[in-house]
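Next come the chains, spelled out residue by residue.
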Amino acid sequence: MKRLLSLALASTLLLAGCGAGPGEGPGGRQDGSKQNPGGSPALASYALAQPVYPKFPTLPQVPTEMSNQAWEIYNDDYDRYIDALTAIRGGGVQAGTAQRLTSFAGRSAPLVLEGQEGKNVIYSPLSLWSALAMLAQCAGGESCQQVLQAIDVNNLEGLQAEISQLWRGLYTDDGTSSLLLSNSIWLNSTLEGAYIQNTLDTLAEKYFAGTYSVPMGSGP
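What you are looking at is a predicted structure, and each value in this text was computed from that prediction instead of being measured.

(A) Inspection of the nonpolar core at higher detail. In this structure, W129, I151, L159 and Y207 are the most contacted members of the largest nonpolar core, which totals 36 residues. Elements represented by at least two residues in this core include exactly α3 (68-89), α4 (95-112), α5 (125-138), α6 (141-150), α7 (156-170), β7 (183-188) and α8 (197-206). Leaving out residues up to four positions away in the same chain, Y207 has contacts with A133, M134, Q137, L159, Q160, I163, W167, N183 and T202.

(B) Molecular detail of the pairing of β7. Sheet topology places β7 next to strand β8 (residues 209-214); 6 bridges connect them, and they run parallel. Looking across to β8, one finds that N188 is bridged to V214. Between the parallel elements β7 and β8, the chain passes through α8 in a crossover that is right-handed.

(C) Geometry of the packing of aromatic side chains. For the structure shown, the criterion picks out 8 aromatic pairs. Taking the centre distance of 5.4 Å and the plane angle of 85° together, the rings of W71 and Y74 count as edge-to-face. Residue W71 and its partner Y74 are both found in helix α3; the two are separated by 3 residues, about one turn of the helix. By relative accessible area, which is 15% here, Y74 ends up buried. Relative to Y81, the ring of Y78 lies with its centre 5.9 Å away and its plane at 35°, an arrangement referred to as tilted. Note that Y78 and Y81 are positioned in helix α3 at a spacing of 3 residues, about one turn of the helix. Overall, the relative accessible area of 33% leaves Y78 in the partly exposed class. Among the aromatic residues, those joined into a ring-pair cluster are Y53, F56, W167, Y171 and F208.

(D) The arrangement of the side chain of S184 in detail. Examined against the element boundaries, S184 turns out to sit in strand β7. A distance of 3.0 Å separates a polar atom in the side chain of S184 from a polar atom in the side chain of W186.

(E) Inspection of the pairing of β8 at higher detail. Across the 6 residues that make up β8, a large majority, 6, are buried. Every second residue of β8 is oriented toward a common face, with A209, T211 and S213 on one face and G210, Y212 and V214 on the other, all of them buried. Examined bridge by bridge, strand β3 (residues 47-49) and β8 share 2 bridges and lie antiparallel to one another. In the strand pairing of β8, A47 is matched with Y212.

(F) Just the environment of Q165, in detail. Looking at where Q165 falls in the secondary structure, it is placed in helix α7. The class for Q165 is partly exposed, based on a relative accessible area of 23%. For the pair Q165 and R89, spaced 76 residues apart in sequence, the C-alpha to C-alpha distance is 7.3 Å. The contact partners of Q165, leaving out residues within four places of it in the chain, are R89, G91, G92 and Q94.

Criteria and thresholds
All chains use their own residue numbering, which begins from 1 and follows the written sequence. In view of the model being predicted, local features appear only for residues whose pLDDT reaches at least 70, and side-chain atom pairs are presented and counted only at 80 or more, with totals across whole chains, interfaces and linings using the full set of residues. To get the side-chain values, take all heavy atoms of the structure and skip hydrogens and water. In plain words, nonpolar cores are sets of buried Ala, Val, Leu, Ile, Met, Phe, Trp, Tyr and Cys residues tied together by side-chain atoms within 4.5 Å. To sort residues, take the accessible area from a 1.4 Å probe on protein chains only and compare it with the maximum for the residue type: under 20% means buried, over 50% means exposed, and anything in between is partly exposed. Secondary structure elements follow DSSP: runs of H or I no shorter than four residues count as helices, runs of E no shorter than two count as strands, and numbering proceeds from the N terminus. Whether two residues are in contact is decided by their heavy atoms: any pair within 4.5 Å suffices. By definition, two strands form a pair when at least two bridges between them are found by DSSP. A right-handed crossover is one whose linking path, passing over the helix from the first strand to the second, runs clockwise when the strands point away from the viewer. Each pair of aromatic rings taken from Phe, Tyr and Trp, with Trp reduced to its six-membered ring, is defined by centres within 6.5 Å and is described as stacked if the planes are under 30 degrees apart, edge-to-face if over 60, and tilted in the remaining cases. By the criterion applied in these results, polar contacts are pairs of N or O atoms within 3.5 Å in which, for protein atoms, one can donate a hydrogen and the other can accept it, and in which residues neighboring in sequence qualify only through two side-chain atoms.

Following this line, the structure appears as structure tokens:
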């Protein structure tokens, strides 16, 4: 387990990173959803696949006017907000997922933080779990099964459903607060053409992860 997590962590640090949070950017759609809203025009040219984020409802503001009409309008707007929110989040983060992540945090934290005593270190089990989930989607055979075992998921189909619901259950961009699991994978452009597009499309659709092909390393 320790060896697997060490190797997987090294791989996922190369493959997955955090993008910018919600904001204006290219890719706006007529239905109000956004394609990689935190992306930049410069990155768009490197994109092989990008997620489409659902349009998030704006949280109605409490009226300053203390009239019945103002409050009736607010109540109607708030009901529509809740309906739209439920359509995105469904049942929210499932109890089984929360339990699985808690267990993963307990098992992985001692391994990741080993030797860090006395240092100012931050570790996000959710970030590592999400990166490993993407790694499982990209792997095959025994390697895939080992990663699935490390994150306590039985198969890729169940993982896709779970991480999609986890993303939607946490997603927030209501004009007052925002929370976005901004997943991305960065691939070596010298290998372009060897990528499996179906895998990249699955990562965008189910994992809400963008894939970028960029030159690796630095020049002389």
